[in-house]
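Descriptive analysis of the structure
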Amino acid sequence: MKSISLLIIAALCVGAFAPQPAAAQEGRGAAVTPMKAEAFTTRYVRIGNDAEGLVFEPKTLGPKSRIALVFSHTNRDTFDQPYGPELANRGYRVLAINYRGDRDAGEGPPEHYLPSVSRGIAYMRSLPGVQRVIVGGHSGGVHLGTLYDNVAEHGPAACKGPEKIFPCEDRGLAGLEKPDGLLLLDGTIGSGHQMSAVDPAAKPTGRDAGLDMFNPANGYDLKARSARYSPEFAKRFYAEQAARNKTIVDAALARMKLIEAGKGQFSNDEPFVVPGLGVRAAGTRLYQADVSVNSRTKKPHVLLRADGTDVEAVLESVRPPIGQNVLDQIDALNVLNTLTTVRQFLAANAIRTTADYAFTTDDIVGVDWASSYNSTPGNAPGITVPTLVLAVTCHYLVVPNEILFDRLASKDKTYAAVEGATHDFAPCKPEYGNTLKRTYDYVDQWLSKEGRF
């Protein structure tokens, strides 16, 4: 296709996903069985001038190869993720995309990624025999995937309405290729996830001990990096977290106003440092240390059990506590303190909260999901295509994924969780068995259901 520049470099991919020799595998005292040869091939492609892709294809095309999947992520190399090999081994064609357009200027606003996903969909549709293309995402790739579909279905207005704190740049967003479905694997909630990392104890004069989630007096165990917080502490914490989040958002908006008036440090953007704002999985989130927070869903959903059976059950998180190493990270830049830009912060992280903001046992309340176009639950009401939301129980996202699922407009939607799987689909305990296989066997079952695609 004219809009797609393709450069196939076979040598780049030779051996990239080849079986590892027995000597390179981690032994546990038992004989090591060599891995079977993979049933797929890979090839490198250029996706326009600002992105690259790796295509995974079954060596022998069969009935399932009429379905293709396109994955991308805002800050992760997609080429080495398991969805390519796992789905190609099950008969599907997969394109993993790495966007490179903002490489010299950081990650770039989320909407910058969307045209490359559209070109990726168009490329996969150009392959002989492909009839349906599904957009997939894992973790942060889920809020990218939901943003993509919402804009593809409804146009740039979906990310620049008056309810948004900061509208998207609509350059290149008209006429995006519409996907036939979505595959959302253990997704985060986008800007709300970053907001939940704001540290209310971080003050210009030093840490406020009464709001410090890492203070043993407030319920934190320094040695175990776990906690049991009282309702009284949690109420104070969330109220101050919401207040500080508003202060940060207001400060960024004020700087943006000056930049747009030609009075900023630079003409287009400027650095924005936020002490006490965690980066990605780091941050002051009560639910990371206290596993009773966001620990179960409100309603029953499909649970893929370790014994191979599927049951309808309330999904219970079995994750261990993952509090921070506070002594090493409190003052670390780009760990518990963020260096970003005004524009990037407003585009990717700014979201509003209301007076009742809190993370509870089975919900997240008091968040204006629609105030950010990088909000996974905020984009969900615009999604009408068949969608699978697949979470894992050895992590902290069973409740956020239920919120996403409940807000989807899709008539054909499924929420399931893999018992005992971690965020990367490995078992958190040996008794949970082969959770990676169970994950992609279920994805295969969902994709291949007669009449869906």
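Look up a bit, the structure's there.
Keep in mind it's a predicted model, so treat the numbers as computed, not measured.

Criteria and thresholds
- Residues numbered from 1 in each chain as written.
- Predicted model: local features only at pLDDT ≥ 70, side-chain atom pairs only at ≥ 80, totals over all residues.
- Heavy atoms only, no water.
- Helix = DSSP H or I, 4+ residues; strand = E, 2+ residues; numbered from the N terminus.
- Rg over C-alpha atoms; globule rule 2.2 N^0.38 Å.
- Contact = heavy atoms within 4.5 Å.
- Areas by Shrake-Rupley, 256 points an atom, 1.4 Å probe, with all protein chains shown as cover.
- Lys, Arg positive; Asp, Glu negative; His and termini not counted.
- Charge placed at Lys NZ, Arg CZ, Asp CG, Glu CD.
- Pairing = 2+ DSSP bridges.
- Axes fitted to C-alpha atoms, helices over the stretch in contact; angles between N-to-C directions.
- Salt bridge = Lys/Arg side-chain N within 4 Å of Asp/Glu carboxyl O.
- Buried < 20%, exposed > 50% of the residue type's maximum accessible area, 1.4 Å probe, protein only.
- Disulfide = S-S within 2.5 Å.

Regarding its fold elements, the chain presents 12 helices and 18 strands. Taken over C-alpha atoms, the radius of gyration comes to 22 Å for the chain, in line with the 22 Å a tight globule of 453 residues would show. Taken along the three principal axes of its C-alpha coordinates, the chain extends 65 × 60 × 45 Å. Taking as baseline every contact in the chain between residues at least 6 positions apart, the subset at least 24 positions apart corresponds to 74%. As presented, the chain carries roughly 19,300 Å² of accessible surface, and 53% of it is formed by carbon and sulfur atoms. Across the chain, the 49 positively charged side chains and the 50 negatively charged ones have centroids separated by 3 Å.

Within the open sheet, the 10 strands sit side by side as S1-S2-S4-S3-S5-S6-S17-S18-S12-S13. Their pairing is mixed. What marks the edges here is a single partner per strand, and that holds for strand S1 (40–46) and strand S13 (310–316). Sheet twist, expressed as the mean angle between neighbouring strand axes with direction ignored, is 25°. As defined by bridge partners, strand S17 (residues 387–392) adjoins strand S18 (residues 413–418) across 6 bridges and the pair is classed as parallel. Pairing of threonine 387 across the sheet is with lysine 413, part of S18. Helix H12 (residues 435–447) contacts strand S3 (67–71), strand S5 (132–138), strand S6 (181–185), strand S12 (296–304), S13, S17 and S18 of the sheet and is inclined by roughly 170° relative to S17.

Applying the stated criterion across every chain, the model contains 21 salt bridges. With a shortest N-O distance of 2.7 Å, glutamate 86 and arginine 90 are connected by a salt bridge. The pair glutamate 86 / arginine 90 is uniform in exposure class, with both members buried. Of the charged contacts in the structure, one is a salt bridge between aspartate 250 and lysine 246, with a shortest N-O distance of 2.7 Å. Of this pair, aspartate 250 and lysine 246 are both found in helix H6 (residues 231–260), 4 residues apart, which corresponds to roughly one turn of the helix. Of the residues examined, aspartate 250 reaches a relative accessible area of 35% and is grouped as partly exposed. Here the salt bridges do not stand alone but share partners, grouping Glu86, Arg90, Lys437 and Asp441 into one network.

Put plainly, two cysteines are in a disulfide when a covalent bond ties their sulfur atoms together. Considering all chains together, one arrives at 2 disulfides under this definition. Each disulfide pairs two cysteine sulfurs, and for cysteine 159 the partner residue is cysteine 168, the sulfurs being separated by 2.1 Å. Between cysteine 159 and cysteine 168 the disulfide shows an S-S torsion of about 60°. By sign, it is right-handed. There is no split in this pair, since cysteine 159 and cysteine 168 are both buried.

Below, the discussion takes up unusual backbone geometry. The phi dihedral of asparagine 294 falls on the positive side, at around 50°, and the residue is not glycine. At asparagine 334, a residue that is not glycine, the phi angle is positive and equals roughly 65°. Examined against the element boundaries, asparagine 334 turns out to sit in the loop between helix H8 (326–329) and strand S14 (338–341). Residue asparagine 334 is classed as partly exposed on the basis of its relative accessible area of 39%.

Moving on, we come to the side chain of asparagine 150. Considering the arrangement of structural elements, one finds asparagine 150 in helix H4 (residues 140–154). Given a relative accessible area of 6%, asparagine 150 falls into the buried group. Not counting residues up to four positions away in its chain, the partners in contact with asparagine 150 are Gly155, Ala158, Asn379 and Gly382.

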